[in-house]
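# What the coordinates show
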Amino acid sequence: MTMRKGRITLSLALVGAVTVAAAVATTAAAQQDFPPGVLPGVKYGGSPNVKLLGHIPLGGYFRVMDDEIEQEMSRPYAYVSQSRDRPGFTIISLKEPEHPKVIYNWKIENASLHGGTGGMDGKYFKIHTKTGPKYYYVQSLQFGGSGPDADLGAVVADVTGRPDTSKIKIVARMRFPEAPGGFHNIFAYKHSSGRVLLFATVSGPFALVFDMEKVLAGDPGGGLIGRIQIPEDNNTAFGRAGFHDFQVFYDAASHQDRFYGAGRGGHYVYDITHPETPKLVTSIVGSAGVTFGHTFTPTPDQKTAVSEVEYEYAPLRIFDLTAGLEGKVQTIHAPVGAWTADWHDLSHNHEVFWPLVFVSAYEDGLQIFSLEDPKHPQTHGWYYTRSSQQRRVG
């Protein structure tokens, strides 16, 4: 992740792609020209413009969660969140993309005593100090209430000293006893004020905002400086559920730091120029088929956004945000376009690298489409990362 205003980062199915070994290929499969180990009916291969460079198995189904790649060429490292019996994170060297290499693993102490998902999401950030830049990686964690650390949301690792992995140290643990269950998703952002902020989802109707320098300094309040609330009247059928995930960008035209959040009721844009007192700018609620937002990503000019709701048969919806951001309407209801790789399936996460959108999908692997014409998005490439009939591995 690049710590700058309007950062974008690719964290989609590049490293730690989950592969589940298939059963022995049958004679019938061979007659249908399926590659060895691939069962009939499973999508495989990719488009001519997408090539697999490397692959590292990291434990199989549901052991690999989100990933993060540093954006400085001198630091070719990827971080992979790991779950279940591997609750923590793995660091991979991408110095030679064709030969990626695991260089470090960290697991929570007494891992077998911990229930729940484990490692879920990770983000890195950089802080400039008198002695030079310091690099940190934040690993979000989710543990169940039946074991230890139910209130532990994340650990912060000092990764400045790599490639010497002996210098990696856990320097902070972020806890939030008010809402046990940990942090599902996180997002690090260099605010226009110069502060490095971390946003986190919890089991409550709000997102938390932390000042990471305060976290590292051992602030008695845990570095917590604000909360971004889900409007309480939106879709109460989901109870006290809050945000699923979010992204934050700076808008040069309005001089606003903006929070784009997906969660209960739909999608929301907040002005967080003053993160202690966020202000709702506009929202996408009441749109057909949208009762709970999963992912919400704007284009660099923030006039258009791609939204995802994560249920089968649902496409990615594309919304024009202009009227809402200009204050002409309070809420936006209708998308201007939609895209899907296969209407039978569903997408999971996506990232916008204008004009392309990179999508991780459960049955459809890595998909790439163009957003140049939001009303008519076009598929540009794909690579199927599944190799068996196991579902939900995007």
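See the structure above.
Residues numbered from 1 in each chain as written. Predicted model: local features only at pLDDT ≥ 70, side-chain atom pairs only at ≥ 80, totals over all residues. Heavy atoms only, no water.

### Regarding the pattern of salt bridges
If you walk through the whole model with that rule in mind, you get 16 salt bridges. Taking the shortest distance from any N to any O, the salt bridge between Asp 364 and Lys 43 comes out at 2.4 Å. Taken together, the residues Asp 364 in the loop between strand S23 (356–361) and strand S24 (365–370) and Lys 43 in the loop between helix H1 (27–31) and strand S1 (64–69) connect sequence positions 321 residues apart. Ionic pairing is found between Glu 276 and Arg 195, a salt bridge with its closest N-O pair at 3.0 Å. Of this pair, Glu 276 sits in the loop between strand S15 (266–271) and strand S16 (279–285) while Arg 195 sits in the loop between strand S9 (186–190) and strand S10 (196–201), and the two are 81 residues apart along the sequence. If you follow the salt bridges from partner to partner, you end up with Lys 43, Asp 342, Asp 345 and Asp 364 in one network. (Salt bridge = Lys/Arg side-chain N within 4 Å of Asp/Glu carboxyl O. Helix = DSSP H or I, 4+ residues; strand = E, 2+ residues; numbered from the N terminus.)

### Quick word on unusual backbone geometry
Cis geometry is found at the peptide bond from Arg 162 to Pro 163, where omega equals 20°. Turning to its location among the elements, Pro 163 is positioned in the loop between strand S7 (152–158) and strand S8 (169–175). The residue after Trp 354, namely Pro 355, is reached through a cis peptide bond having omega 5°. Mapped onto the secondary structure, Pro 355 falls in the loop between strand S22 (347–353) and S23.

### Regarding the sheet that holds S16
Taken in spatial order, the five strands line up as S13-S14-S15-S16-S20 in an open sheet, and their pairing is mixed. Among the strands making up the open sheet, the edge pair consists of strand S13 (243–251) and strand S20 (331–332). (Pairing = 2+ DSSP bridges.)

### Quick word on the nonpolar core
One finds Phe 125, Val 138, Met 174, Phe 183, Phe 210 and Met 212 to be the most contacted residues of the largest nonpolar core, which totals 22 residues. Elements that contribute at least two residues to this core include exactly strand S5 (118–129), strand S6 (132–142), S7, S8, S9, S10, strand S11 (206–211) and helix H2 (212–216). In this view, Met 174 contacts Val 138, Asp 151, Leu 152, Gly 153, Ala 154, Val 156, Phe 183, Leu 198, Phe 210, Met 212 and Val 215; residues no more than four positions away in its chain are not counted. (Core = buried A, V, L, I, M, F, W, Y, C linked by side-chain atoms within 4.5 Å. Buried < 20%, exposed > 50% of the residue type's maximum accessible area, 1.4 Å probe, protein only. Contact = heavy atoms within 4.5 Å.)

### A look at the pairing of S24
Counting buried positions along S24 gives six out of six residues, so the element sits mostly inside the fold. Relative to S24, S23 runs antiparallel, the two being bridged by six bridges. Counterpart to Leu 356 in the pairing with S24 is Ser 370. The turn joining S23 and S24, which pair antiparallel and follow one another in sequence, is formed by three residues. Both S24 and strand S25 (residues 378–383) contribute to a ladder of five bridges, which runs antiparallel. Note on S25: the bridge partner recorded for Gln 367 is Trp 382.

### Concerning the packing of aromatic side chains
Summed over all chains, the structure comprises 20 aromatic pairs. Each ring, one from Phe 243 and one from Phe 259, has its centre 5.2 Å from the other, and the planes form 80°; the classification is edge-to-face. Of this pair, Phe 243 sits in strand S13 while Phe 259 sits in strand S14 (residues 256–263), and the two are 16 residues apart along the sequence. Note on Tyr 313 and Trp 343: the rings are 5.9 Å apart at their centroids and 35° apart in plane angle, and the pair reads as tilted. (Phe/Tyr/Trp six-rings, centres within 6.5 Å; stacked < 30°, edge-to-face > 60°.)

### Brief notes about the sheet that holds strand S4 (residues 101–107)
In any sheet, the strands associate via hydrogen bonds between backbone groups, in a parallel or an antiparallel arrangement. Strand order across the open sheet formed by four strands is S1-S2-S3-S4, with antiparallel pairing between neighbours. Two strands in the sheet have a free side with no partner beyond their single neighbour: S1 and S4. Neighbour to neighbour, the strand axes of the sheet diverge by 20° on average, direction disregarded. Pairing analysis gives six bridges linking strand S2 (residues 77–82) to strand S3 (residues 88–93), with the strands arranged antiparallel. (Axes fitted to C-alpha atoms, helices over the stretch in contact; angles between N-to-C directions.)

### Some words on the environment of Tyr 362
Tracing the chain through its elements places Tyr 362 in the loop between S23 and S24. A relative accessible area of 5% means that Tyr 362 is categorised as buried. Here the alpha-carbon distance between Tyr 362 and Leu 346, two residues 16 residues apart in the chain, equals 6.5 Å. Engagement of the side chain of Tyr 362 in a polar contact is seen with the side chain of Glu 310, the distance being 2.2 Å. (Polar contact = N/O pair within 3.5 Å; in protein donor to acceptor, adjacent residues only side chain to side chain.)

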